[in-house]
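This is what each chain is made of:
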Amino acid sequence: MRYPTRLPAAVTATVLVASALTVLPAAASAAPAAYAYRAVDLGTLGGAASAATATNDRGAVVGWSMTADGTRHAFVWRNGVMTDLGVLPGHVESIAVDVNERGEVVGTSTGPELITRAVLWRNGQMIDLGTLGGDYSEAVAVNDRGQVLGLSNPATDIPHRVVWQDGAITDLGRQDFYELTTGFNNRGDVVGTFNVPPYDYPCTCVGGRLRDGVLTPVGDQATAINNLGDVVGIDGGRAFRWRAGVLTDLGTLGGATSRATAVNDLGVVLGSADTAPGARRPVLWWAGRTVDLTAHGLSATDVVNDLDIRSRLVGSRAGRATLFR
């Protein structure tokens, strides 16, 4: 299930696409019959529970863990070591939600009365990214240019989508009720769920890609985007991949529904799908196949949140942060 070698950082999008076309069919013919993921328990920060939320292609894993005093702290795991990323002064909890190839981590720190701030961990420092003037901000993702996607509210309005970079904050417009902001790539494309005309209550929502202020509808819900511009999500209750303007139904394991939640830069899609009896299983989609991961070392109760270029997976097993490799 993994790719045998890691591609150099300078590989172009064209080479990545070519690699996907040449590597995946060969892997698909051999790996599904032979390969089994091994679960690596990443541990905790002294508490009982933890979960991994994201990974980069260099092997860094981020997420949250309970500490010995019963609070939740963000962590980064590298080379077998889990490091507590801490909280902002006066705050009590934090979580990490994404990490880029430069090792920059983003997340949210929570203080008294649930006051939250989007934060960036860079070079050993924890940076409060600030707000649009209100008391709330939250980070969603970080790209390799150091841009942080998130949400913040002005003093007298509901939250807006925003991008932070180099101490500046760019307002991308309101995130209305029932809308979501879910993904970001190096081009600066934003994906999520957007309210569109006629703006009926509760929401005339569509999945979409926001590029340079222009919204392109994509499915019912867009959940992730890679650096080639592939968008994945849900349409009509089934997982899809949208590439070059074409939306492809990724299929199921014989059941009615499926959901795509992440996609790497080779176009391998992570998600879940129903079997004919209605059981939900974690899956990978690649080379036109729907691969049931419970046949390759995972269980139906494992939570899988992200994957890297080699299709290593991160999430949780039995309430503890786990790397599946």
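Keep in mind it's a predicted model, so treat the numbers as computed, not measured.

About the thresholds
Residues numbered from 1 in each chain as written. Predicted model: local features only at pLDDT ≥ 70, side-chain atom pairs only at ≥ 80, totals over all residues. Heavy atoms only, no water. Helix = DSSP H or I, 4+ residues; strand = E, 2+ residues; numbered from the N terminus. Buried < 20%, exposed > 50% of the residue type's maximum accessible area, 1.4 Å probe, protein only. Contact = heavy atoms within 4.5 Å. Areas by Shrake-Rupley, 256 points an atom, 1.4 Å probe, with all protein chains shown as cover. Phe/Tyr/Trp six-rings, centres within 6.5 Å; stacked < 30°, edge-to-face > 60°. Lys NZ or Arg CZ within 6 Å of the ring centre and 35° of its normal. Pairing = 2+ DSSP bridges. Polar contact = N/O pair within 3.5 Å; in protein donor to acceptor, adjacent residues only side chain to side chain. Axes fitted to C-alpha atoms, helices over the stretch in contact; angles between N-to-C directions. Core = buried A, V, L, I, M, F, W, Y, C linked by side-chain atoms within 4.5 Å. pLDDT = per-residue confidence, 0-100.

J.: Looking at this model, I keep getting lost on the overall build of the protein. Mind explaining?
T.: Broken down by element type, the protein carries one helix and 28 strands. Going through the 325 residues of the protein one by one, you find that 51% of them count as buried. Here the analysis covers contacts within the protein between residues at least 6 apart in sequence; of these, 39% occur between residues at least 24 apart. Surface accessibility of the protein: about 14,100 Å² in total, with carbon and sulfur atoms responsible for 53%.

J.: Please clarify how the packing of aromatic side chains should be interpreted in this entry.
T.: Remark: the centre distance and the inter-plane angle together describe each pair of aromatic rings, the angle taken between the planes. This structure, assessed with the given rule, holds two aromatic pairs. Here the aromatic rings of tyrosine 35 and tyrosine 37 are separated by 5.4 Å at their centres, their planes lie at 85 degrees, and the arrangement is edge-to-face. Their ring planes at 40 degrees and their centres at 4.3 Å tell us that phenylalanine 177 and tyrosine 178 sit as a pair that is tilted. Under the relative-accessibility criterion, tyrosine 178 is labelled partly exposed at 49%. Geometry around tryptophan 64 places arginine 72 over its ring, the cationic atom sitting 5.5 Å from the centre.

J.: Would you explain the side chain of serine 316 in this entry?
T.: As for its position among the elements, serine 316 is in strand S27 (residues 313-317). For serine 316, the contacting residues outside a window of four places in its chain are Ser50, Ala51, Asp302, Val303, Ala321, Thr322 and Phe324.

J.: For this particular structure, what's the right way to read the pairing of strand S24 (residues 280-286)?
T.: Along any regular strand the residues' side chains alternate between the sheet's two faces. Here S24 lies mainly inside the structure; five of its seven residues are buried. The sheet contact formed by strand S23 (residues 269-275) and S24 spans six bridges and is antiparallel. Residue pairing in the sheet places valine 269 in a bridge with tryptophan 285 of S24. Counting the residues between successive antiparallel strands, the hairpin from S23 to S24 contains four residues, one of them, glycine 278, with a positive phi of roughly 100 degrees.

J.: Please clarify how the side chain of histidine 73 should be interpreted in this entry.
T.: Relative to the helices and strands, histidine 73 is located in strand S4 (residues 72-78). Residue classification places histidine 73 among the buried positions, given a relative accessible area of 14%. A polar contact of 2.9 Å, which involves the side chain of histidine 73, links it to the side chain of aspartate 84. Not counting chain neighbours up to four residues away, the residues in contact with histidine 73 comprise Leu45, Gly63, Trp64, Ser65, Thr67, Asp84, Gly86, Val87, Val92 and Ser94.

J.: Sorry if this is basic, but what is going on with the sheet that holds strand S17 (residues 214-217) here?
T.: Two pairing modes exist for strands in a sheet, parallel and antiparallel, and in both the strands are linked by backbone hydrogen bonds. Strand order in the open sheet formed by four strands is S14-S15-S16-S17, with antiparallel pairing between adjacent strands. Both edges of this open sheet fall to strand S14 (180-184) and S17, since each of them pairs with a single strand only. With strand direction ignored, the average angle separating the axes of adjacent strands in the sheet is 35 degrees. Both strand S15 (residues 190-195) and strand S16 (residues 205-211) contribute to a ladder of six bridges, which runs antiparallel. Looking at the pairing, valine 191 lines up with arginine 209 of S16.

J.: Honestly, the environment of glutamate 113 in this entry has me stumped. Any pointers?
T.: Checked against the element boundaries, glutamate 113 lands in the loop between strand S7 (105-110) and strand S8 (116-122). For the pair glutamate 113 and histidine 91, spaced 22 residues apart in sequence, the C-alpha separation works out to 10.0 Å.

J.: I would appreciate a short explanation of the nonpolar core in the present structure.
T.: One finds Tyr37, Leu270, Leu284, Leu293, Leu298, Leu307 and Leu313 to be the most contacted residues of the largest nonpolar core, which totals 16 residues. Of all the secondary structure elements, the ones that give two or more residues to this core are S24 and strand S26 (303-307).

J.: What should I look at first to understand the sheet that holds strand S11 (residues 148-152) in this one?
T.: Taken in spatial order, the four strands make up an open sheet running S10-S11-S12-S13, and their pairing is antiparallel. Each edge of the open sheet is held by one strand with a lone partner, namely strand S10 (137-142) and strand S13 (168-174). In this sheet, neighbouring strand axes are inclined to one another by 25 degrees on average, regardless of whether the strands run parallel or antiparallel.

J.: Just to check I follow, could you spell out the confidence of the model for the protein for this structure?
T.: Detailed reading of predicted coordinates is not advised where the pLDDT is low. Chain-level statistics for the protein give a pLDDT mean of 90 and a share of 90% at 70 or above. When the criterion is pLDDT under 50, residues 1-33 qualifies, and its contacts beyond four places in sequence or with other chains add up to 56 contacts.

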